[in-house]
Amino acid sequence: MKVEKFKVLLYLKKSEPDKTGKAPIMGRITLNRTMAQFSCKLSCTPGLWNARESRLNGKSREAVETNEKIERLLLAVHSAFNSLMERKRDFDAAAVRDMFQGNAGMQMTLLKLLDRHNGEMKARVGVDRAPTTLSTYLFTYRTLSEFIKAKFKVPDLVFGQLNEQFIRDYQDFILLEKGYAVDTLRGYLAILKKICRIAKEGHSEKYHFCHFKLPKQKETTPKALSRENFEKLRDLEIPEKRRSHVITRDLFLFACYTGTAYADAVSITRKNLFRDDEGSLWLKYQRKKTDYLGRVKLLPEAVALIEKYRDDTRETLFPPQDYHTLRANMKSLRLMAGLSQDLVYHMGRHSFASLVTLEEGVPIETICKMLGHSNIKTTQIYARVTPKKLFEDMDRFVEATRDLKLIL
């Protein structure tokens, strides 16, 4: 359908004021040569009405609240128009009015759907979602809200107003105006695409941005502690008054000896400990991140740490420690031990994979099961071949092939 003219005009019906003296606000849709009138179901003080802007003047409570309702109303009208355009059939102004009036009360907008989804996500925190996952959704809502207000001067958008340029402008807003990293942007865009996919199930006539490719994730090479730095941290004498730092250091060492992530280390209990037929102690737990089973035979050093913090009145093996406190303590520990590397908790898991197991001859297939990986390719990222391991393997290879003769 060819659209030569589409316009929505709002005006006051001053001839029919209510008991308080307010006049009803009316609307008129013009599409090509057809027109359709409708009631906005709003009224205002005639002296505040700006006929040129189709808004109320001033910043009074009446003006602000009524203008917001007008914005939502116009969004619904344009959404109805866009939906009819997507059907690629002829229609007139009355069809736009009928669709708008039928859908306006139930119109689902982008931020409204995201907010509803966030509410459902919040109810699942602690069940099958982590608090950090919820925070990403909340930050996405915040940045989308800021972007829509700055770019479109409205509080929200209906799905019919979304297009490819919207997502590209939002991308520039995150990177250039907010100054966030590409990996952060990638997470926000993934959530935006997810909400648009959900909207397709009854709130939008198409799946917006389904063909939009997310920015490539920045590849970072996981690093394990060098043996020298590991020994410095292990042997570091920490004053008794810094008990919080002692707990952080011991939690990190436990990660180096067992390969446990932070979320697992602070939640495992004595129920996760088992003894085999030979009396050796094992740690078996469901990983918080993937729900896969992690199994590792405990080294004497790991058992000693468990016994150090043994407390039958506490359910978990180790004292609870907030993750933000742990991160701050890790930075302090690096300075206290004089380490040449940055220190983050997840390095303990990498150190277990490379320094403690692979370098000591443990097959990578076994390390995969210990770490609770579903794919050995993930383990290959964690378990990097160190120079020591390379030299030892080459020495074994040379020794094994010493008696071989090459016959040409």
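Residues numbered from 1 in each chain as written. Predicted model: local features only at pLDDT ≥ 70, side-chain atom pairs only at ≥ 80, totals over all residues. Heavy atoms only, no water.

A.B. asks: Run through the overall build of the protein, naming residues and quoting values.
C.D. replies: Within the protein one finds 15 helices and eight strands. Within the protein, buried positions represent 41% of all 408 residues. For the protein, the share of sequence-separated contacts (at least 6 apart) that also reach a separation of at least 24 residues comes to 59%. Taken as a whole, the protein presents about 24,300 Å² of accessible surface, with 51% of it coming from carbon and sulfur. (Helix = DSSP H or I, 4+ residues; strand = E, 2+ residues; numbered from the N terminus. Buried < 20%, exposed > 50% of the residue type's maximum accessible area, 1.4 Å probe, protein only. Contact = heavy atoms within 4.5 Å. Areas by Shrake-Rupley, 256 points an atom, 1.4 Å probe, with all protein chains shown as cover.)

A.B. asks: Can you break down the packing of helix α5 (residues 164-177) against helix α6 (residues 182-199) residue by residue, with the values?
C.D. replies: Look at α5 against α6: their axes get within 10 Å of each other, and the N-to-C directions meet at 145°. For α5 against α6, the interelement crossing comes out right-handed. Contact with α5, carried on its side by Phe166, Ile167, Tyr170, Gln171, Ile174 and Leu175, involves Val182, Leu185, Tyr188, Leu189 and Leu192 of α6 and no other residues of that element. The class makeup of the residues in the contact of α5 with α6 is 10 nonpolar, one polar and no charged. (Axes fitted to C-alpha atoms, helices over the stretch in contact; angles between N-to-C directions. Left-handed = near helix turned anticlockwise from the far one by under 90°. Nonpolar A, V, L, I, M, F, W, Y, C, P; charged D, E, K, R; others polar.)

A.B. asks: Run through the pattern of salt bridges, naming residues and quoting values.
C.D. replies: Summed over all chains, the structure comprises 16 salt bridges. A salt bridge links arginine 61 to glutamate 65, with the shortest nitrogen-to-oxygen separation between them at 3.0 Å. On the criterion of helical spacing, the pair formed by arginine 61 and glutamate 65 is a turn pair, its members being four residues apart in helix α1 (residues 61-86). You can call arginine 61 exposed: its relative accessible area is 68%. (Salt bridge = Lys/Arg side-chain N within 4 Å of Asp/Glu carboxyl O.)

A.B. asks: Would you mind going over the side chain of serine 54 in detail, with residue names and values included?
C.D. replies: With respect to the helices, strands and loops of the structure, serine 54 is situated in the loop between β4 (49-50) and β5 (55-56). Within the structure, serine 54 has its side chain in polar contact with the backbone oxygen of leucine 10 (distance 3.5 Å). Beyond its immediate chain neighbours, meaning those up to four positions away, serine 54 contacts Leu9, Leu10, Trp49 and Ile70. (Polar contact = N/O pair within 3.5 Å; in protein donor to acceptor, adjacent residues only side chain to side chain.)

A.B. asks: Account for the packing of helix α4 (residues 131-152) against α6, naming residues and giving values.
C.D. replies: Close contact between α4 and α6 brings their axes to 9 Å; oriented N to C, the two are set at 85°. In terms of their interaxial angle, α4 and α6 are classed as roughly perpendicular. Mapping the contact onto sequence places Thr136, Tyr137, Phe139, Thr140, Thr143 and Leu144 in α4 and Tyr188, Ile191, Leu192 and Lys194 in α6. Per-class residue counts for the contact of α4 with α6 are six nonpolar, three polar and one charged. (Parallel < 35°, antiparallel > 145°, perpendicular 65-115°, else oblique.)

A.B. asks: Break down a nonpolar patch on the surface for me, citing the residues and quoting the values.
C.D. replies: On the surface, a nonpolar cluster with roughly 200 Å² of combined accessible area is contributed by Met1, Val3 and Met85. Its place among the elements puts methionine 1 in the segment before β1 (6-12). (Patch = residues over 30% accessible without salt bridge, like charges linked within 9 Å, V, L, I, M, F, W, Y side chains within 5 Å.)

A.B. asks: Run through unusual backbone geometry, naming residues and quoting values.
C.D. replies: Its identity is not glycine, yet lysine 41 carries a phi of approximately 60°, on the positive side. Within the secondary structure, lysine 41 is located in strand β3 (residues 34-44). In this structure lysine 41 comes out as exposed when scored by relative accessible area, which is 73%. The backbone of phenylalanine 209 shows a phi angle near 65°, a positive value even though the residue is not glycine. By relative accessible area, phenylalanine 209 is classed as buried at 3%.

A.B. asks: Break down the sheet that holds strand β2 (residues 23-31) for me, citing the residues and quoting the values.
C.D. replies: Strand order in this open sheet of three strands is β1-β2-β3, and the pairing throughout is antiparallel. Looking along the sheet, the strands with just one partner apiece sit at the ends: β1 and β3. Sheet twist, expressed as the average angle between the axes of neighbouring strands with direction ignored, equals 20°. The pairing of β1 with β2 spans seven bridges and is antiparallel. (Pairing = 2+ DSSP bridges.)

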